[in-house]
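Residue-level listing of the chains:
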Amino acid sequence: MSSWLGGLGSGLGQSLGQVGGSLASLTGQISNFTKDMLMEGTEEVEELPNARRKEVEAIHTILRSENERLKKLCTDLEEKHEASELQIKQQSMSYRNQLQQKEVEISHLKARQIALQDQLLKLQSAAQSVISGAGGVPATTASPSFGYGLSHHASAFHDDDMDFGDIISSQREINRLSNEVSRLESEVGHWRHIAQTSKAQGSDSSDQSEICKLQNIIKELKQNRSQEIDNHQHEMSVLQNAHQQKLTEITRRHREELSDYEERIEELEDLLQEGGSGIAVTDHSKIHEMQKTIQVLQAEKVESTKKIEELEDKIKGINKKLSSAENDRGVLKKDQERLSVENRQLLEECESLKLECSKLQPYAVKQSDTVTEKERILPHSSSVEEEVFRLQQALSDAENEIKRLSNLNQDNNLAEDNLKLKMHVQVLEKENSLLNQEKEELQISLSKLNNEYEVIKSTAARDTDLDSELCDLRRNLEAKEQELNQSITEKEILIAELEELDKQNQEATKHMILIKDQLSKQENEGDNVISKLKKDLNDEKKRVHQLENDKMNITKELDVQKEKLIQSELVVSDLHLTKQKLEDKVADLVDQQNELHTKNLNIQKENFELQERIKQKEEELSRVRDELITQSLLNRDSNSNFKDDLLEREAEVRNLRQNLSEIEQLNENLKKVAFDLKMENEKLNLACETVRHQLEESIAGNSQISQEKNAIVEALKIEKEQLDAELCRAEKRLLEETNKYEQTMEELSNARNLSISALQLDHEHLIKLNQEKDFEIAELKKNIKQMDTDHKETKKMLSSSLEEQKQLTQLVNENEIFIERLKERSSELQEELDKYTQALRKNEILRQTIEEKDRSLGSMKEENNHLKEELERLREQQSRAAPVAEPKTLDSITELESEVNQLNILKDNLKEEIKHHQKIIEAQNQSKIQLLQSLQEQKKEMDEFRYQHEQMNATHTQLFLEKDEEIKSLQKTIEQIKTQLHEERQDVQTENSVIFQETKVQGLNIENGSEKHDLSKAETERLVKGIKERELEIKLLNEKNISLTKQIDQLSRDEVGKLTQIIQQKDLEIQALHARISTASYPQDVVYLQQQLQAYAMEREQVLAVLSEKTRENSHLKTEYHKMMDIVAAKEAALNKLQDENKKLSTRFESSGQDMFRETIQNLSRIIREKDIEIDALSQKCQTLLTVLQTSNTENEVGGVNSNQFEELLQERDKLKQQVKKMEEWKQQVMTTVQNMQHESAQLQEELHQLQAQVLVDSDNNCKLQVNYTGLIQSYEQNETKLKNFGQELAQVQHSIGQLCNTKDLLLGKLDIISPQLSSGSSLTSQSAESLRTIKSDVLSESSKQEIEELRKSLQEKDATIRTLQENNHRLSDSIAASSELERKEHEQTDSEIKQLKEKQDILQMSLKEKDLLIKTKSDQLLSLNENFTNKVNENELLRQAVTNLKERTLILEMDICKLKGENEKIIETSREKETEYQALQETNMKFSMMLREKEFECHSLKEKALAFEHLLKEKEQGKTGELNQLLNAVKSMQEKTVIFQQERDQVMLALKQKQMENTAVQNEVQHLRDKELRLNQELERLRNHLLESEDSYTREVLAAEDREAKLRKKVTVLEEKLVSSSNAMENASHQASLQVESLQEQLNVASKQRDETALQLSMSQEQVKQYALSLSNLQMVLEHFQQEEKAMYSAELEKHKQLVAEWKKKAENLEGKLVSLQERLDEANAALDSASRLTEQLDLKEEQIEELKKQNELRQEMLDDVQKKLMNLVNSTEGKVDKVLMRNLFTGHFHTPKNQRHEVLRLMGSILGIKKEEMEQLLNEDQGGVTKWMTGWLGGGSKSVPNTPLRPNQQSLLNSSFSELFVKFLETESHPSIPPPKLSVHDMKPLDSPGRRKLDTSVPGSFKDTTESRSGRRTDVNPFLAPRSAAVPLINPAGLGPGGPGHLLLKPISDVLPTFTPLPVLPDNSAGVVLKDLLKQ
């Protein structure tokens, strides 16, 4: 009953939901239709007269008020919707609770299954041990039987989110498992039988330990059984409680429904009392009028059916229009997205222009300052000012664009207002006010932007103030330079400190070696260190989260401002839309008034058609009733058994009447609604607003009728089919009811009144159907018609009582049909519930997939934007710096290829997902078609985006190929220009290229999530190696700085003391030169020297020109370098994006990767700080060198030490102190970095272990890790080659320093001595000029290096101090090489450690795999045992599940859905947090990379300064100090420019990075806003449709109400007449409600009885279990007793065996008899256990069969005894006799054989006759002739009688063959006897104790022995029905064992089983097997 009520409730809910959906669709279609009509009628509106226009305006005002009312209705409906959602949630919670209960039960069952499987495994192991001890019996395991259970179990419990199909499959699984348990129990019995038989057949090997094992197993089984029984009882109590709760809920609902029905009945009774006064007025004249109206209504019904068909066609057309409108909506959505993207771009451009303006204004101020100081830098500063001016213009243009856009909005609004002023002046004024408000808001926003611009300007002014402060600081620096005079005294202390620093460096290297030794010791302590590091990592994570929270707050503030802008735009668009709607409504009203008249007529026609249909149905019903009456007349004789069935069916009749009363109550409610409508129609005369209400109701009625007509027609068809089916049943039942028919006549006469009321209820049900089909008019007409039919039927019933009784029987049948139909409907409703729950779940999955696809769309768009930006950058790079762009573009191509690969992978994944979703969508119901359409639209969009993306990729690849070719062509021309700065920049480019190549390889390898983890690790390792390379570079630069400082110190120290010595040496050189020149003529030399001077002057000018060109090239190369750095930054940004993607994928598997990444960032920040310190020190040293060079000229001219030199020395002292401190800090930092690297290596190893443990299944990942490892080794080798290159560069720098010192000395010598100096200076300048020429021709050519080395060698002999410096440099280079070798060794050691760790890891993997296999086997066993156990509980579960299945399933599903929703929300939150973390990490990475680039650029600038100093020193040789000063000033200006450019570049790069990050954030915000816009648009469209529908309905209602008023007034009287019938119906309904309550109570009693029965069944099953346990214990006792008897018998037999053989045989026979009897008892007990459940009913028959079989067994035993006696006689008689046939064949074979081999035949004959070998040889050795004659004489006459073997055609060939072959074939021919043997049955086989059988056993194969033993070990009185399979059926059943073939083995055709040998009866001493063996041996 509860399921029936639940089905009714769900059916009502579904029908109401369908009605609401159909209403919404129909109103939407009507609104579309009215829209189209209004669009066509807009031109006609303008031509209307003024009066008509005024009317329209009045209607418009009315409609506005109506519109507001409709809005209120909408809000009410939304509140109702929310309330319904809350109810649904409550239901889902109850379903979830039931699901949890079910899961708990499943877990219990699984635990029991595991316990059973363990028991079964123990039993099997015990049985197998017994079998192995006994030996000989083949063991069959139950493993194949478990496979099926495993697979099914895995399939059944695989998914957590089980739907109803899965639950049904689980029920089937439980049934299967119960069968499996029974099968396993039978196998347990089989094992016990095998154990006992093996113990019987085996010797003393079965000892007491096996018995103890079996006893323990039985005890464990008993304990488990008791536990299972307790669990069963607990589960039954839980189920009973749940069942009681459900029953209480059902009773509560039923009482509530009954109270509702009683209230309705009271209301209807009140109405009847009010309308009772008008009942008496009705008389026969009204009946006559009713008949006329019925005919009119039938005519209207025909017309209404036609109208319904026309409406259905219109609905189809409107559906098509709806689909087209949805497509238009998709197009509008795309336009909206495009507009939002343009808006966002405008905002970004404005912000970027503001930032550029704010950044470039301080630079413009700085450039103006530099213009005043240095006039040579004017062109550059003017260009910067032009850029500033250009940016300001761009900002002003952007502001103008913003103003223009706002003005355009205003102009558009004005244009629209001008067009629409004629129609609606008042509306336009309101809209103008709104637009003015928007305009003011826009102006306020513009003023805010201007204020921000002024703030930016003020910040620029602050920057100018900072510049002025910088100038003051420079003055302070110049003042401090004067304090250097005091630093000369402290210089020696600094030198000592430098030496100590060298010692500390050596100690640091030693300390590094010690650290390596300590690392090997720390491996044992590594676990503790790892735990500490994890804690540190957690702390760092918390800090990062705090920073991210700060960032999130800032982004939220940005979001608020952006949302305000978007809301203002949405308000403007909404105003335009509302304006258009109001204009459309005015046009719609004019057209609707014309169209409503035509539609009204169509509706009337449809009403007539519907009435005709109802008439047809009534005719069919009357026809069916006539048929039933005829059948009841025929079957009147068979009415004897009718009374018993009637008593049973009266309850069903009551239930049906209660159902009919409920339907009648619904009918009465509809009548009340009709009465209310009548009252409303009376009010319609007073006001027009009430008319609109009725129009609404009429349209709603149309939509309901159109849907409900079809449903009712189908229901009538189903009822007709069911009536036909029930007629057949009724015929059979009426045959039995004929005898008791006379007794029931009186009861039927009493029940006649009830039958009259029941028939009235049926007809009133038909009246209700007509009311639902037609409007209220049609319903009233139908009531009149059915009143007439009621009168006619009452007359018929009064005329004949027989017909009434027949109709009563018919009603009984119909009630039965109705009950079955209700049951079917409840099942159908339950199935529909299941379908809808599945559909809901699928919809949620689809929504999730749609959201994921939207996200993927956004990411694809972002990637497209990035690709476009990279293309534009590449184009700019090609136009500006095409020469240098080649390696970078290669890197960009590789990176883009990796990105394209990733995008292709994403595309494939998306395609697979789309296919999967298409399958899901095809499986959905037709109710979800709208969702399918929306999904298809989104798929189209996705395909379009994919197509665009593929086209973009193709165009990108083509462009890259073209650019590669252009770059290759340009590269050849640029290589000569590029060579000067090639070495420094090549290092940077190679590093970047290596990084990008590694990323390319890794990007190609990326296919799985685990491979992405490898990539992230490779990137971290690459960063670590880059850090190591940077450290090496820092060391080299430090050593160069130390050497330079040492040289400068030595020069400054020794200059005062050694200038005189140098001058003396130079004098000696000049004298030597004079000696050389003295050979030639002096005046000629003077002329020659003058010419050389002129040439040198020319060369100097050329060198200056070259220098200017080089400076230009340098500036050009710097610009190119900046561009390349921009490109590199873009690539790194792309790399960071890839890293972020990898991290997002790897967040599931490793959280430690993020910590490692943060640690690497911290290390990078620390390294950048160290580089800052080093670069500061280098810049200070360069400044000191410049001052030394400037002051050296003045000092040399004066000849003494100047005060400037002392100031420089003081500065140097301070700087050296700072350097010492920095070096100490650097040493400590190096130590910390080494320790950090060790910790990081340990962490990386741990992460490797974790990853490999997680991804054991994928063997490809190991290969890819090895590929990555080889790549790392290659990068390490590349780093080593870079170290070597750095060493070579250091040597070159040392050589250049030596050359500088030499040139300095030469210049000093020249300044002191004038006349001889000219000659020496000319020679020296000639050499320098030659060197300059070579530098000009080729900077890196080897000839220039050789000349520099020659100069150094020539001057080394004279400069002892310089030589010592060079030696120091060599020492430093050696120490560097040693340190590099030490680092190499360290790397090798780390590689070896990594290899060892990998080996350990492989070992662990192997162990893990083995453990996995063990776990799998254990889990398989557990699953099989679970299956076996759950089968036991199957029947109890079926009883429980029948009550609780449906509600528990729905609960489970909704619980799963809620859980999945919660998990999805959590995952989304975590993903958002991770994205914010990654963005923060990206920003820090970008900043650090910028800092690194700045430091590298500063290093590069310092190297350029050193080159500039070389050029200046070479120019000093020519004695031009003024030019040198100019060049120094130029160098300073260039340095300042470079600093400014660096700052500008850094700021621009930071701004770019910030903008990229902001772009990503804005894109995320735009996606969020798009989602919001879509929701708002959907709500807007819904509201529009609702407004249009309401307006359409109002206009139609106005016209329809006018027509209905007159009709309704006429039919008020008809309603009054109907009240009389309704009062009677209500009395019947009240009576039936009480009857229904009684029926429900009866059903409750039945349910409680069923529950009691199930409890009894449970107790019975528990008793059976106890009986099984008792039988098991009895069997065990029997087994133990039997084993003890066995041992006693065997011991007695062994003692007596030696003494008495005859007594032993008798005892053996007795023992075997006892064994057989015991085995038979055991078999019977096992068979009884197996078949106890199946054979309880057939026990009596089986006992009779047993008695018959015993008699047969006695007869067969007697026959067996006779046969045994005969066989014994035969054996005794045949012993010692020779077979004549055999001897005859041997004799004939002797003559057929060749003469050489005839002696073999004679020997064989002798062996058969018993002649010894020696005697046979003597006979053969004697005269052969005599023997043959004797033989022939003796056998002369008997040869004729010998039957010759038939000759074959191949016999001649056989004559030549050997005798053994002939003998074998002879035996084959003779193995088939010619005489038919005696025929015996299967049971006449001889037992084991016969000697013939024992003799034969020697030649029988093992397999057949087993069969014979198994058969012979059983007596003849075995019951085949109780015996097991092995006893009843033999394993081998040859064909000859039937009644037609030979029964005994000796007389059987042996070729079927054995090899073909003749059965020779021989003496017992010499058996047949021995004879055959001897023959074959001979």
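It should be emphasised that the depicted structure is a prediction, and the values quoted were computed from it without experimental measurement.

Time to look at the overall build of the protein. Helix and strand content of the protein: 42 helices and 0 strands. Considering only residue pairs separated by 6 or more positions, the protein has 90% of its internal contacts joining residues 24 or more positions apart. Accessible surface, the protein as shown: approximately 109,000 Å² in total, 55% of it carbon and sulfur.

What follows concerns the pattern of salt bridges. This model, assessed by the stated rule, comprises 48 salt bridges. Arg252 is the partner of Glu256 in a salt bridge, and the nearest nitrogen-oxygen pair spans 3.3 Å. With Glu256 and Arg252 both in helix H6 (residues 208-274), this residue pair falls 4 residues apart, about one helical turn. The exposure class assigned to Glu256 is partly exposed, which follows from its relative accessible area of 41%. Through salt bridges with shared partners, a single ionic network connects Glu490, Arg1213, Asp1214 and Lys1217.

Here we come to a negative patch on the surface. Taken together, the side chains of Glu257, Asp260, Glu262, Glu263, Glu266, Glu269, Asp270, Glu274 and Glu1627 make up a negatively charged region of the molecular surface. In terms of residue count, the dominant contributor to the negative patch is H6 (8 residues). On the basis of relative accessible area, Glu263 is assigned to the partly exposed category, the value being 47%.

Attention now goes to the environment of Gln215. Mapped onto the secondary structure, Gln215 falls in helix H6. For Gln215, a relative accessible area of 25% translates into the label partly exposed. For Gln215 and Glu1680, which are 1465 residues apart along the polypeptide, the C-alpha to C-alpha distance reads 9.6 Å. Beyond its immediate sequence surroundings of up to four residues, Gln215 is in contact with Gln1676 and Glu1680.

Helix H30 (residues 1612-1697) packs onto helix H15 (residues 776-799) with a crossing angle of 50 degrees between their chain directions and a minimal axis gap of 10 Å. By the angle class used here, H15 and H30 are oblique. Two packed elements cross with a definite hand, and for H15 against H30 that hand is left-handed. When H15 is examined against H30, the residues Leu780, Asn783, Ile784 and Met787 are found in contact with a partner set consisting of Val1614, Leu1615, Glu1617, Lys1618 and Ser1621. Grouping the amino acids of the contact of H15 with H30 by side-chain chemistry returns 5 nonpolar, 2 polar and 2 charged.

To continue, consider the packing of aromatic side chains. One pass over the full model with this rule turns up 2 aromatic pairs. Measuring from ring centre to ring centre gives 4.9 Å for Phe1787 and Phe1791, while their planes differ by 75 degrees; the resulting arrangement is edge-to-face. Residue Phe1787 and its partner Phe1791 are located together in helix H33 (residues 1780-1792), separated by 4 residues, close to a single helical turn. Over the ring of Tyr1269 we find Lys1398, and its NZ or CZ is 4.0 Å from the ring centre. Stacked on the ring of Phe1497, the Lys or Arg Arg1545 has its end atom at 5.1 Å from the ring centre.

The N-to-C vectors of helix H10 (residues 491-522) and helix H27 (residues 1360-1432) enclose an angle of 10 degrees; their axes lie 11 Å apart at closest approach. In terms of axis orientation, H10 runs roughly parallel to H27. Packed against H10, whose contacting residues are Thr509, Met512, Ile513 and Lys516, the element H27 presents Leu1382, Lys1385, Glu1386 and Gln1389 at the interface. Looking at the contact of H10 with H27 residue by residue, the classes come out as 3 nonpolar, 2 polar and 3 charged.

Turning next to the confidence of the model for the protein. Averaged over all residues, the pLDDT of the protein equals 77, while 77% of them reach at least 70. Predicted confidence for residues 42-47 stays below pLDDT 50, and this span has 5 contacts to residues more than four positions away or in other chains. Confidence drops under a pLDDT of 50 for residues 1825-1854, and excluding neighbours within four residues, the segment shows 16 contacts in the predicted structure.

Bringing the environment of Glu269 into the picture now. By the secondary structure assignment, Glu269 is in helix H6. For Glu269 and Leu1619, which are 1350 residues apart along the polypeptide, the C-alpha to C-alpha distance reads 9.7 Å.

Criteria and cut-off values
- Residues numbered from 1 in each chain as written.
- Predicted model: local features only at pLDDT ≥ 70, side-chain atom pairs only at ≥ 80, totals over all residues.
- Heavy atoms only, no water.
- Helix = DSSP H or I, 4+ residues; strand = E, 2+ residues; numbered from the N terminus.
- Contact = heavy atoms within 4.5 Å.
- Areas by Shrake-Rupley, 256 points an atom, 1.4 Å probe, with all protein chains shown as cover.
- Salt bridge = Lys/Arg side-chain N within 4 Å of Asp/Glu carboxyl O.
- Buried < 20%, exposed > 50% of the residue type's maximum accessible area, 1.4 Å probe, protein only.
- Patch = residues over 30% accessible without salt bridge, like charges linked within 9 Å, V, L, I, M, F, W, Y side chains within 5 Å.
- Lys, Arg positive; Asp, Glu negative; His and termini not counted.
- Charge placed at Lys NZ, Arg CZ, Asp CG, Glu CD.
- Axes fitted to C-alpha atoms, helices over the stretch in contact; angles between N-to-C directions.
- Parallel < 35°, antiparallel > 145°, perpendicular 65-115°, else oblique.
- Left-handed = near helix turned anticlockwise from the far one by under 90°.
- Nonpolar A, V, L, I, M, F, W, Y, C, P; charged D, E, K, R; others polar.
- Phe/Tyr/Trp six-rings, centres within 6.5 Å; stacked < 30°, edge-to-face > 60°.
- Lys NZ or Arg CZ within 6 Å of the ring centre and 35° of its normal.
- pLDDT = per-residue confidence, 0-100.

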